[in-house]
Amino acid sequence: MPRMRPTFSDFFFTPLTEDVEELLARYQQSDSVRYEVFSAIWREMVFSDVFRGIVNVAEMKRFSRVALATAVKYFLPPYSYQIRVGGLYLMFALYHTQPGSPPVKLRLAVRDWPVVEKFVKDSGDFGHQDVVYVFSIYDKAFHYAAMPHFLTFHKQKKSKKQPVCAGFLGRTTAVQEFSSTEVLEEMTNIQGQYEMLKGATAEVRCNVTMTQPDFIARLRDCMSEFTTWQQRTFSEVKKEKSSDDEEEERQQQAEAEYSSSRAQLLSSIKQKSYGNFQEASKSRRHRQADTAESSCSGAEQAREAATRRRRRPPSLRARTRKSLGVSRDQCQLKAWLLSVPETREKSPVTS
């Protein structure tokens, strides 16, 4: 038989991605970056069973490679810090639980290594020692390569693309970094130096205006307005999500109450209907059983008598005799003889 092609792609597997997103969504709802919270969710979902059911060793290695690539995707930008921490924990949990030997390593492109170093440094500065410790003990599990996936020359007609989960994306921090006190102070100094040099040059004092005098104040107002809009948008999204969850819970509660009231109504109807039933005495029950048995036996006897009374229709020979008026005793011929034999007289023998 020809070998069947696997159902998952070289880069991702849709059912596995859905399970991973559910795991990370639960971790995001916990609002924590501790490893003990992630391990509790991992054990609750029994996530280590994703490797069960694959017998072939080569297929197991390929699936492990796809699972680790899926976890690495959530470890890198543009996802939020908490999702990236969950991706880090997921990477090394899958690496530790894979049944293959030797284990498949985590492919990490060289272009992504500065991002990883900055992530680990920021985690150490923020005091998240769980992240730093987990990354340090599994430092040798990385396979540094030029590309995050294997380079193949079998070009597909239409490559599959995995959609990005919008709920895991982090808010942009470029505006907050740009609106720091040091940056604004430096821009104020540059603006003052420009105005001073412009005032010292008589030729361009009134003819050239490259910047606005209140540029720093207007820029600060724009950045604060953007920050306010961003916070309001994310809060509205969270409120809509929580309202949808509450509405779903209310709907489920209403359905449960309706089903329980219906069950109570049915049970009350049954109690009312069976409450009027009176159980007969033993002698009466035996008498009823005997009457039923006698009626059944009488019906069977009548059926047998009717069967015996049924007769088969007369045969063609009997109908012929009856039409010719010949009785059964007058017919001495055998049943197979169709004509009357001729009688021959004996002639004397001459010598």
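Note: the structure precedes this text.
Residues numbered from 1 in each chain as written. Predicted model: local features only at pLDDT ≥ 70, side-chain atom pairs only at ≥ 80, totals over all residues. Heavy atoms only, no water.

1. Observations regarding the overall build of the protein
Phase 1 of the analysis: Within the protein, the secondary structure is distributed over 11 helices and two strands.
Phase 2 of the analysis: Along its sequence from the N terminus, the protein presents helices and strands in the succession α-α-α-α-β-α-α-β-α-α-α-α-α.
Phase 3 of the analysis: The proportion of buried residues among the 351 residues of the protein is 22%.
Phase 4 of the analysis: Across the protein, the fraction of contacts at a sequence separation of at least 24, relative to all contacts at a separation of at least 6, is 72%.
Phase 5 of the analysis: When the accessible area of the protein is evaluated, it comes to approximately 27,600 Å², of which 56% is carbon and sulfur surface. (Helix = DSSP H or I, 4+ residues; strand = E, 2+ residues; numbered from the N terminus. Buried < 20%, exposed > 50% of the residue type's maximum accessible area, 1.4 Å probe, protein only. Contact = heavy atoms within 4.5 Å. Areas by Shrake-Rupley, 256 points an atom, 1.4 Å probe, with all protein chains shown as cover.)

2. Here's the deal with the nonpolar core
Phase 1 of the analysis: Membership of the largest hydrophobic core comes to 46 residues, with the highest contact counts inside it found for Phe-47, Leu-90, Met-91 and Leu-94.
Phase 2 of the analysis: For this core, the secondary-structure elements that each account for two or more residues are helix H1 (14-29), helix H2 (35-45), helix H3 (57-75), helix H4 (81-97), strand E1 (106-109), helix H5 (113-126) and helix H6 (129-137).
Phase 3 of the analysis: Broken down by element, the residue count for this core peaks at 10 residues, all from H4.
Phase 4 of the analysis: Setting aside chain neighbours within four positions, we find Leu-90 in contact with Val-20, Leu-23, Phe-38, Trp-42, Phe-47 and Ala-71.
Phase 5 of the analysis: In terms of nonpolar packing, the next biggest core, distinct from the first, is built from five residues, Met-187, Ile-216, Leu-219 and Met-223 among them. (Core = buried A, V, L, I, M, F, W, Y, C linked by side-chain atoms within 4.5 Å.)

3. Notes on the pattern of salt bridges
Phase 1 of the analysis: On inspection of all chains with the given rule, the structure shows eight salt bridges.
Phase 2 of the analysis: Notably, a salt bridge pairs Asp-125 with Lys-121, separated by 3.3 Å at the nearest N-O pair. Here Lys-121 and Asp-125 lie together in helix H5, a separation of four residues that amounts to about one turn. Grouping residues by exposure puts Asp-125 and Lys-121 together as exposed.
Phase 3 of the analysis: Salt bridges here are not isolated pairs; linked through shared partners, they connect Glu-22, Arg-26 and Glu-44. (Salt bridge = Lys/Arg side-chain N within 4 Å of Asp/Glu carboxyl O.)

4. Describing the pairing of E1
Phase 1 of the analysis: Alternating positions in E1 separate into two faces, Leu-106 and Leu-108 on one and Arg-107 and Ala-109 on the other, with burial throughout.
Phase 2 of the analysis: Pairing of E1 with strand E2 (residues 142-145), which is carried by four bridges, proceeds in the parallel orientation. Bridge pairing links Leu-106 to Phe-142 in E2. (Pairing = 2+ DSSP bridges.)

5. Thoughts on the packing of H4 against H5
Phase 1 of the analysis: Contact pair H4 / H5: the axes reach a minimum separation of 12 Å and the direction vectors enclose 105 degrees. Of the possible angle classes, the one that applies to H4 and H5 is roughly perpendicular. Counted together, Tyr-81, Arg-84, Val-85 and Leu-88 of H4 and Val-115, Phe-119 and Ser-123 of H5 form the full contact between these two elements.
Phase 2 of the analysis: Broken down by class, the residue content of the contact of H4 with H5 amounts to five nonpolar, one polar and one charged. (Axes fitted to C-alpha atoms, helices over the stretch in contact; angles between N-to-C directions. Parallel < 35°, antiparallel > 145°, perpendicular 65-115°, else oblique. Nonpolar A, V, L, I, M, F, W, Y, C, P; charged D, E, K, R; others polar.)

6. What to know about the environment of Pro-77
Phase 1 of the analysis: Relative to the elements of secondary structure, Pro-77 occurs in the loop between H3 and H4.
Phase 2 of the analysis: Looking at Pro-77, the relative accessible area reads 44%, which means it is partly exposed.
Phase 3 of the analysis: Once the C-alpha coordinates of Pro-77 and Val-116 are considered, the two residues, 39 residues apart in sequence, prove to be 9.7 Å apart.
Phase 4 of the analysis: Dropping the residues within four chain positions of it, Pro-77 is found in contact with Arg-84 and Val-115.

7. Overview of unusual backbone geometry
Phase 1 of the analysis: A cis geometry characterises the amide bond from Pro-77 onward to Pro-78, with omega recorded as 15 degrees.
Phase 2 of the analysis: By secondary structure assignment, the location of Pro-78 is in the loop between H3 and H4.
Phase 3 of the analysis: A cis geometry characterises the amide bond from Ser-101 onward to Pro-102, with omega recorded as 0 degrees.
Phase 4 of the analysis: With respect to the element layout, Pro-102 can be found in the loop between H4 and E1.
Phase 5 of the analysis: A positive phi angle, close to 55 degrees, is found at Asp-31, a residue other than glycine.
Phase 6 of the analysis: Positionally, Asp-31 belongs in the loop between H1 and H2.
Phase 7 of the analysis: On the basis of relative accessibility, which here comes to 66%, the residue Asp-31 falls in the exposed class.
Phase 8 of the analysis: The phi angle at Val-46 is positive, at roughly 50 degrees, despite the residue not being glycine.
Phase 9 of the analysis: With respect to the element layout, Val-46 can be found in the loop between H2 and H3.

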